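# Breakdown of the fold
This is what each chain is made of:
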Amino acid sequence: MMETIAGVAFAVLWVLLWLWTPTDFVLWGKKPEYPEPYRPPGAPPPDLSFLGKVGEAHTPLRPVGSVLIDGEQHTARTKGEFIDAGRPVVVLRWAAGELIVEAVRESE
């Protein structure tokens, strides 16, 4: 009798835990809620107007340097690659007060 009660309790707990796991998001179409990305104290809010803009590497980006966008100089970082000064770059995103950029690919 005790084994049956323990088995039923275990099955109920297992089902409840399974429903609250990330598979719940997949099965029922719910989207997980994530906290906002970390922003250092005193850092300005993200400026989304830069996204997709094309500028020029003002200094070599190895991987951090500065870029000129709309005639203004901004601190920028690449995803790890080195970009020589003078090459065109495109803004991918804004993170922790820096623009994340990559070199514009030359069309073939």
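In this report, we go over the structure that sits alongside the text. (Residues numbered from 1 in each chain as written. Predicted model: local features only at pLDDT ≥ 70, side-chain atom pairs only at ≥ 80, totals over all residues. Heavy atoms only, no water.)

All right, on to the nonpolar core then. The biggest cluster of nonpolar side chains holds 13 residues, and the ones touching the most others in it are Leu61, Val67, Val89, Leu99 and Val101. At the level of secondary structure, the elements contributing two or more residues to this core comprise β2 (64–69), β4 (88–95) and β5 (98–103). For Val89, the contacting residues outside a window of four places in its chain are Lys53, Val54, Gly55, Glu56, Ala57, Leu61, Val67, Ile83, Val101, Glu102, Ala103 and Val104. (Core = buried A, V, L, I, M, F, W, Y, C linked by side-chain atoms within 4.5 Å. Buried < 20%, exposed > 50% of the residue type's maximum accessible area, 1.4 Å probe, protein only. Helix = DSSP H or I, 4+ residues; strand = E, 2+ residues; numbered from the N terminus. Contact = heavy atoms within 4.5 Å.)

Okay, the sheet that holds β4 next. Within a sheet, neighbouring strands are paired by backbone hydrogen bonds and run either parallel or antiparallel to one another. Spatially, the five strands close up into a barrel ordered β1-β2-β3-β5-β4, and their pairing is mixed. With direction set aside, neighbouring strand axes in the sheet form an average angle of 55 degrees. (Pairing = 2+ DSSP bridges. Axes fitted to C-alpha atoms, helices over the stretch in contact; angles between N-to-C directions.)

Another aspect to go through is the pairing of β5. Of all six residues making up β5, six are buried, and the element is well covered by its neighbours. Residues Glu98, Ile100 and Glu102 of β5 are buried on one face, and the alternating residues Leu99, Val101 and Ala103, pointing to the opposite face, are buried as well. As defined by bridge partners, strand β3 (residues 72–77) adjoins β5 across two bridges and the pair is classed as parallel. Bridge pairing in β5 places Ala76 opposite Leu99. Summarising the sheet, β4 and β5 pair through six bridges and their orientation is antiparallel. Bridging from a neighbouring strand, Trp94 pairs with Leu99 of β5.

Relative to the elements of secondary structure, Thr78 occurs in the loop between β3 and β4. Taking relative accessible area as the criterion, Thr78 reaches 5% and is therefore assigned buried. One polar contact links the side chain of Thr78 to the main-chain amide nitrogen of Gly80, over a distance of 3.2 Å. Discounting residues that sit within four places of it in the chain, Thr78 has contacts with Leu61, Pro63, Ile83 and Val101. (Polar contact = N/O pair within 3.5 Å; in protein donor to acceptor, adjacent residues only side chain to side chain.)

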